[in-house]
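If you want the building blocks of each chain, they are given just below.
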Amino acid sequence: MKKLLLIIFMSITTLVSLSAQENGPGLIVRLDDMGSLHSANTACMWSYGVGIGRTIEIMAVGSLFPEAVRNLKRISGYDPVDVGVHLTLTSEWDDVKWRPLTHCPSLVDEDGYFFPMIRPNPAYRGKAITENKYNLAEIEQEFRAQIELVQRHIPSVSHLTGHMGSVTFDKAVFEMVKKLAVEYGLPYIDDEESLKRYNIEFISYDGPKGNLVEKKESFRKMLDKLQPGRNYIFIAHPSMYNEETKEVKHIGYEWVAEDRQAETNLLIDDEIKQLLDEKNIRLKSYASLIKALPRSTPVKENVEEQGIKDFVQSLKDKNQDIHSLMVLRNGNVIHEEWFGDHTPDLSHIMYSVTKTYTATGIGFAVAENKIKVTDKVISFFPDKLPEEVSDNLKEMEIRHLLTMSAGNDPGAFNRSSKDWVKEFLSLPVTEKPGTKMNYCSMASYMLAAIIQKVTGENLKDYLTSRFFGPLGIKVMYWGECPMGINTGGYDLYIRTEDMAKLGQFILQKGKWNGKQLLPESWIKEMTSPQIASLPSGTKDPDSVPEDSDWKQGYGYQMWRCRHNAVRADGANGQYIIIMPDQNAVVAITANIGDMGSELNQVWKYILPALK
């Protein structure tokens, strides 16, 4: 399994260029029925990792659901998989059956299994759900149980789909699922209204598909008809031909094992992958569509595009290595650009931009009454304290960690220690906490450690259901200490659009898609000047001009800027710049040592372009 996961991870990094093309058609290859069989689980993993699949549908009622969850969690450690809840009301196979999660007598046969069919089938008379008096309340109860089981184990799950028409066979069921989609924040986009909104069309093989040769040729013909600027969904059912799947059949589809092995072979075929590249077809996921930031144009949002172009040119003229740029106005992406080998789907190291995501996590814990910013740090780790606890250490609070004013010397920290919490608490606290800013990534680490202590989850997992999932932020990787605690202050890898989403979330004062996810009061605290600021390592306040962007005050793991702006920043030119007065966000990734110059160019060119 470890070898498979490594191959999958390496293959994802090579396939990313396929989805980076800007003007071609978008294609979602949806992999259905994970959880139903071990063979389906294995084939879905391969089809996602070394193949062209980008979204996996998981069946909560499947007998191999636990294995599916374990596999998805393993691969998500490298690259978060886009997963949907595949709502199920049938058990179609003769020798492999599924039961509901809840007590649903109107939905099952005399043996307690789901009926095999949705609609009447002469080979299974009386065995269709529509031939029996199904109860709508029982269907809702069952669907809720399936959604909640998947959400509990895969908090990043992004959407709902239906197995064999389980959602669309009855108008009342369809309307109920749409309400559940809103309630659980998991869109169902396979309906006509959503397909139109997201510019999506379902497609299938264009011709015979009885074997691999026919499938490849019909798949090629299908790809020939895809139009630039449109999005398409191809539904696949990957599995393997083996002793397990030989028993999986129903009357009229006895060749299922051979058929689904051929589909797996198609999805991982090198010629097919090359063809997608040649045709400029972008591989997408459901999440990349339904959770993408809206797009607009500079003209529509009253932005002078030449100013943005001049900004880019100014960096090039200075031989500064910019990797990506995204500009938002009024909540819409109005400019996005990647340079060199960097692409929209390729994650980038955040360095200290990571800290702002950590402060967001603290905000959720405060909102849930798990902690207060005035809580003493030592209260969380009584078993890790030094023999003598100084008065200053006793006074250290969460807010001092947030404002980089814990009072200890960050340079004294030994990262080779196996217990970073114990190491941090052993450092001499030479200054009274809260009196002076002394930039320290280990203070951010301690915030992550506190989150894990009070919630039982690491910071990445804690934020997944509350923040990353709702915003569709794809966390490729977040480093951990030897004890499995996220580093908090650095070592986070995400995409440029996910940086922009955090910026827009802060600009919208904790609201997303009309819902207040994080209290507005926390955003105000985060972005307000909580303590006088100086660049990391600066000893003499007078050496930094008063109008410097590093002397405007520091909030909670965020810097104040000139022009009433606020920013998250990380080494070598990573920026999320939030401009409330202009209702704008700028996200930049780079490898630029002179971060002051980079920021100055934003004020010189981009700011005046925001009319």
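Quick look at the structure, then. (Residues numbered from 1 in each chain as written. Predicted model: local features only at pLDDT ≥ 70, side-chain atom pairs only at ≥ 80, totals over all residues. Heavy atoms only, no water.)

1. Considerations on the overall build of the protein chain
- Within the protein chain one finds 21 helices and 18 strands.
- Relative to the 2.2 N^0.38 estimate, which gives 25 Å for 611 residues, the radius of gyration of the protein chain is 26 Å and therefore close to what a compact globule would have.
- Considering the protein chain as a whole, with its 611 residues, one finds that 58% of them fall into the buried category.
- For the protein chain, the exposed surface amounts to about 24800 Å²; the carbon and sulfur share of it is 49%. (Helix = DSSP H or I, 4+ residues; strand = E, 2+ residues; numbered from the N terminus. Rg over C-alpha atoms; globule rule 2.2 N^0.38 Å. Buried < 20%, exposed > 50% of the residue type's maximum accessible area, 1.4 Å probe, protein only. Areas by Shrake-Rupley, 256 points an atom, 1.4 Å probe, with all protein chains shown as cover.)

2. Considerations on the packing of aromatic side chains
- Scanning all chains against the criterion turns up 19 aromatic pairs.
- With a centroid separation of 6.3 Å and 50 degrees between ring planes, the pair formed by Phe364 and Phe467 is classed as tilted. Note that Phe364 is positioned in helix H13 (residues 354-367) and Phe467 in helix H18 (residues 459-471), a separation of 103 residues in sequence. Each member of the pair, Phe364 as well as Phe467, is classed as buried.
- What links up through ring pairs into an aromatic cluster is the set Tyr357, Phe364, Phe467, Phe468 and Phe505.
- The lysine or arginine in question, Arg54, covers the ring of Tyr48, its NZ or CZ lying 6.0 Å from the ring centre. (Phe/Tyr/Trp six-rings, centres within 6.5 Å; stacked < 30°, edge-to-face > 60°. Lys NZ or Arg CZ within 6 Å of the ring centre and 35° of its normal.)

3. Here's the deal with the pairing of strand S4 (residues 159-162)
- Relative to S4, strand S3 (residues 82-87) is paired through four bridges, and the arrangement is parallel. Each residue of the ladder has a partner; that of His86, found in S4, is Thr161.
- Regarding topology, helix H4 (residues 136-153) serves as the crossover connection from S3 to the parallel S4, and that connection is right-handed. (Pairing = 2+ DSSP bridges. Right-handed = clockwise from strand over helix to strand, strands pointing away.)

4. Section: the pattern of salt bridges
- Throughout the structure, instances matching the rule amount to 36 salt bridges.
- Glu395 serves as the salt-bridge partner of Lys376, at 3.5 Å between the closest nitrogen and oxygen. Here Lys376 is found in the loop between H13 and helix H14 (391-395), whereas its partner Glu395 is found in helix H14, with 19 residues between them in sequence.
- Residue class for Lys376 comes out partly exposed when judged on its relative accessible area of 28%.
- Residues Arg495 and Asp498 are paired through a salt bridge, measuring 2.9 Å at the closest nitrogen-oxygen approach. For the pair formed by Arg495 and Asp498, the shared burial category is buried.
- Here the salt bridges do not stand alone but share partners, grouping Lys216, Arg220, Asp269 and Glu271 into one network. (Salt bridge = Lys/Arg side-chain N within 4 Å of Asp/Glu carboxyl O.)

5. A short note on the nonpolar core
- Formed by 109 residues in total, the largest nonpolar core has its most connected members in Leu325, Tyr357, Leu401, Phe424, Phe467 and Met579.
- In terms of residue count, the dominant contributor to this core is helix H17 (residues 441-455) (nine residues).
- Sequence-distant contacts of Leu325, defined by excluding residues within four places in its chain, comprise Ile308, Phe311, Val312, His335, Glu336, Glu337, Phe339, Val586, Ala587, Ile588 and Ile606. (Core = buried A, V, L, I, M, F, W, Y, C linked by side-chain atoms within 4.5 Å. Contact = heavy atoms within 4.5 Å.)

6. Topic: H18
- Most pronounced at Ser465, the bend in H18 amounts to some 60 degrees.
- With respect to burial, H18 is a largely interior element, ten of its 13 residues being buried.
- Of the positions making up H18, those classed as buried are Leu459, Lys460, Tyr462, Leu463, Thr464, Arg466, Phe467, Phe468, Gly469 and Leu471.
- Gly472 lies just past H18 and shows a positive phi near 70 degrees. (Bend = angle between axes of the 7 residues up to and from the residue.)

7. Things to note about the pairing of strand S6 (residues 231-236)
- In terms of burial, S6 is a largely internal element, five of the six residues being buried.
- By the bridge criterion, six bridges tie strand S1 (residues 26-34) to S6 in an arrangement that is parallel. Each bridged residue has a counterpart across the sheet, and for Leu27 the counterpart in S6 is Tyr232.
- Pairing between strand S5 (residues 200-203) and S6: four bridges, direction parallel. Looking at S6, one finds that Ile200 is bridged to Asn231.
- After leaving S5, the chain enters helix H7 (residues 212-224) and then returns to the sheet as S6, a path that is right-handed.

8. Digging into the side chain of Arg30
- The residue Arg30 is located in strand S1 in this model.
- Using a relative accessible area of 2% as the deciding quantity, one classes Arg30 as buried.
- Here Asp190 takes part through its side chain, which lies 3.0 Å from a polar atom of the side chain of Arg30.
- A distance of 2.9 Å separates polar atoms of two side chains, one belonging to Arg30 and the other to Tyr286.
- Excluding residues within four positions of it along the chain, Arg30 makes contact with Thr55, Glu57, His86, Thr161, Gly162, Asp190, Phe202, Ile233, Phe234, Ile235, Ala236 and Tyr286. (Polar contact = N/O pair within 3.5 Å; in protein donor to acceptor, adjacent residues only side chain to side chain.)

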